[in-house]
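# Coordinate inspection notes
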Amino acid sequence: MNVELPFAPVDTIIRRNAGDLRVSADASEALALRIQEHGSELAIDAAERAIADGRKTLMASDFEVETVIDKDDLELPVAPVDRIARIEIDDKYRVSMDARIALADILEDYADNVAHAAAILARHADRRTIIESDIETYFSLFE
């Protein structure tokens, strides 16, 4: 699967949770792929909600978000998140800007949770670097 999300913002999210730990490029890539997979699944669910309401445009409420934050408060860029939303849904759907921002916010919270746990796992392993296996271990433990 091609990863739509640039690694740099994902790396930034991991680093803000890492404290004094380093972050490997493989960890950023692994988390970016997981973010993309999760975002695609959320978009499928949102599309089903839009269909149930007789719409072809995904709205923030389809992602179960009531208040949309300012996109400047996000680390994840909105354009790649839009592409992530469209990976598994039909081209007949449109994704409103509020829906893109809402999805980016959800995915950023998701990434923060994973990054925080990965930092704990790296410290527990007495390492100074968060590596791909920390990301994968999180998912093997919690999903």
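Residues numbered from 1 in each chain as written. Predicted model: local features only at pLDDT ≥ 70, side-chain atom pairs only at ≥ 80, totals over all residues. Heavy atoms only, no water.

In the nomenclature of an unreviewed UniProt entry, the chain is known as Histone H3/H4 of Halostagnicola kamekurae. In its Sequence similarities (unreviewed entry) section, the UniProt entry covering the chain states "Belongs to the archaeal histone HMF family." (UniProt positions renumbered as here; feature names shortened; annotations may be inferred.)

Attention now goes to the nonpolar core. Core analysis: the largest hydrophobic core is formed by 47 residues, its most contacted members being Val 10, Leu 31, Ile 35, Leu 58, Phe 63, Ile 130 and Ile 135. Secondary structure elements with two or more residues in this core: helix H1 (7–18), helix H2 (25–52), helix H3 (78–85), helix H4 (97–124) and helix H5 (132–142). Considering each element in turn, this core owes the most residues, 14 residues, to H4. In this structure Ile 35 touches Leu 5, Val 10, Leu 107, Tyr 110 and Ala 111, once residues within four positions along its chain are discounted. (Core = buried A, V, L, I, M, F, W, Y, C linked by side-chain atoms within 4.5 Å. Buried < 20%, exposed > 50% of the residue type's maximum accessible area, 1.4 Å probe, protein only. Helix = DSSP H or I, 4+ residues; strand = E, 2+ residues; numbered from the N terminus. Contact = heavy atoms within 4.5 Å.)

This next bit is on the pattern of salt bridges. Here the structure, examined in full by the defined rule, presents twelve salt bridges. Between Arg 34 and Glu 136 there is a salt bridge, with the nearest N and O atoms lying 2.6 Å from each other. Here the residue Arg 34 occupies a position in helix H2, and Glu 136 occupies one in helix H5, the gap between them amounting to 102 residues. Connected through salt bridges with shared partners, the residues Arg 16, Glu 108 and Asp 112 form a single ionic network. (Salt bridge = Lys/Arg side-chain N within 4 Å of Asp/Glu carboxyl O.)

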